[in-house]
Structure formats: structure tokens, C-alpha cells
Amino acid sequence: TVEADRAAVATAKLDLEYSNVQAPISGRVGLRPVDVGNYITSGDASGVATITQLAPIDVVFTLPADSVTVIQQQLRKGYTLATQVLDRTRSNVLGEGTFLTLDNQIDTQTGTVRAKARFDNADGALFPNEFVNVQLQVNTIKDAVVVPTSAIRHGPNGEFVFLLAPDNTAHITPVRVGPSADDRVSITEGLKIGDRVVTEGGDRLVDGSMVQLPGQRPRAQGAQGKKQWNGNKRNGFGTGGKQRRQPETSSE
């Protein structure tokens, strides 16, 4: 009889524990799906509350399929790949974390693979289902020659740039392009530090064209009031594809 009474007490304590709902994780509670007085059962799919974990938080993003081999090589070496999250405009950094893992297959329709990174998110800057831009640092190239992406042009023989000589003439220079980030691209062959390249107006240039840099005054030629411009001027940038003469004036 005593043992049966003890079992009844234990059952009552267990029922009392089940009368309290304890959150399995800490996070942000969403808008309540039920109000006071609503009838609920254990089979309700929506439950009484939805909790979203914010700290730490995981970010799921996609990578080109060609990046899988490089990332796996770095992970096998034991490297921790730094990951940075930026907002939609890529102007503000929302958080810095570490790379977690890749998905187990590549999407054949898009040629990408899903990946996941984790962030502490102590300040709550990252919000669930928010659209962000992810930058994954796979490797560091030291002493790289970097130019704006707009300087790279494509021709039948591959990539090239218009290299400016000391006399401001543009010359076609083949280059070999390396990794890129945002609006910058590294050059592995063809340029050296300190070289000047054309970033605007390249469509109107040919090899040997004279280039007028922004802020430079047009060159004057001739002794009878004749002026010759170095091509059509646009946004302070001249080209040497065609020459245009100013009208001549004379007085008697």
C-alpha cells in the first residue's frame, strides 16, 4: 500500500511537470498563434508559440560548383574559413563568422552547391529569413596586382587591358586574370604595380590612341589659332580614335 501511494505521488509530480511548457532553446518568440481562451490540443501543428534561435545563427548560401574542390582542400588542411555577411547593398557588414559545411550534392540545374556558415550574432543584426550577401575568404593572395573590373576587356585572343604609356598613349596589353572580389580583379600576368590602365571609354580606343586624363587641358597645336582635340571628350576622358579641329578664325 505504501509503495502504491508513493507511485501515485510520483505520478502527480510528473503530471505537474507536464503542466508547464519549457522552451527547448533560447531565442525570439514570434507572434502568438493562440489567445487566452482558445482550445488547443497536443496535435495542433502551429503549437502555442514559435521560437527562433538568434544567437548563434546560421546563414545558408550558394556557391559555384567550381569552388567545391578549393574549399574542400582548405578544410582538409585544417583551415578555418572566415565568412562575412553584408547587407543587400554590400555597404554595411552585419556580422563575421566561420564556415561550417557544404551540402552533399550539387544542383545540376543551377550549377551551385548550398553551404552554411555560423555567426555569433550577439548584437542581433542578423534576422531570420533576411536577404544578405556572403563573402567567403578561401585564400589570401599576397602582393597581388589589382585593377578595377571595368579595366578588363575581352578580345578574340583573351583578356587584355589598355595600358597607358608615360606619354598618355594607350597600348593593348594581354593579361591573365586571377581571383576577383566585388569590383576588383587580380592580375597574375601582364601588369606590375604602378601601371596605369584605362577604366572608362575603352570602346573608343585603338592601340596607340592618345588619352586625355580627367583634369588635363586639351593640347593646342599650330601657330595660327588652330586647336586639335584628342578625340571626343566625355566625362573629362578623351580618346584618340578621331581628331576634331576647332573652326579657324581670321581678321582683315
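Treat the numbers as computed from the prediction; the structure is a model and nothing was measured.

Along the backbone of the protein chain there are two helices and 19 strands. Across the 252 residues in the protein chain, those meeting the buried criterion constitute 25%. Contacts spanning at least 24 positions in sequence make up 58% of the contacts within the protein chain whose residues lie at least 6 apart. Just so you have it, the protein chain exposes about 18,500 Å², and 49% of that area is on carbon and sulfur atoms.

Counting all residues, the mean pLDDT for the protein chain is 83, and 85% of those residues have values of 70 or more. Least confident of the elements in the protein chain is strand β17 (residues 233–234), whose mean pLDDT is 41; most confident is strand β6 (residues 112–119), at 95. A low-confidence stretch, residues 221–252 (pLDDT under 50), is modelled with 52 contacts involving residues beyond four sequence positions or located in other chains.

Listing the buried residues of helix α2 (residues 67–76) in full gives Val68, Ile71 and Gln74. On an axial view of α2, the arc spanned by its buried residues comes to 135°, and they lie on one face. Against β3 (57–64), β5 (93–102), β6 and β7 (133–136) lie the buried residues of α2. Just beyond α2, the residue with positive phi is glycine 78, at close to 85°.

Sheet architecture is open: three strands sit in the order β8-β13-β12, paired in antiparallel fashion. With partners counted over all chains shown, the strands left at the sheet margins are β8 (145–148) and β12 (176–181), one partner each. Strand-to-strand twist across the sheet, computed as the mean angle between neighbouring axes with direction ignored, equals 35°. Pairing of β12 with strand β13 (residues 184–189), which is carried by four bridges, proceeds in the antiparallel orientation. Within β13, the position partnered with alanine 181 by the bridge is arginine 184.

Conventions and cut-offs
- Along every chain, residues carry numbers that run from 1 in the direction the sequence is written.
- Only residues with pLDDT of at least 70 are given local features in this predicted model, and only at 80 or more are side-chain atom pairs given and counted; all residues enter the totals for whole chains, interfaces and linings.
- For the side-chain quantities, the full set of heavy atoms in the structure was used; hydrogens and water were omitted.
- Only DSSP runs of H or I covering at least 4 residues are called helices, and only runs of E covering at least 2 are called strands; the numbering of each starts at the N terminus.
- The classification of residues rests on relative accessible area computed with a 1.4 Å probe and restricted to protein chains. Under 20% of the type maximum is buried, over 50% is exposed, and intermediate values are partly exposed.
- Residues are treated as being in contact if the distance between any of their heavy atoms lies within 4.5 Å.
- In this description, accessible areas are obtained by the Shrake-Rupley approach with a 1.4 Å probe, and a residue is regarded as covered only by the protein chains that are shown.
- The pLDDT value expresses, per residue, how confident the predictor is, ranging between 0 and 100.
- The arc in question is the one traced by the directions running from the helix axis out to the C-beta atoms.
- Any two strands are treated as partners once DSSP identifies two or more bridges connecting them.
- Axis angles are defined between N-to-C directions and span 0 to 180 degrees, where every axis is a line fitted to C-alpha atoms and, for a helix, only to the segment in contact.

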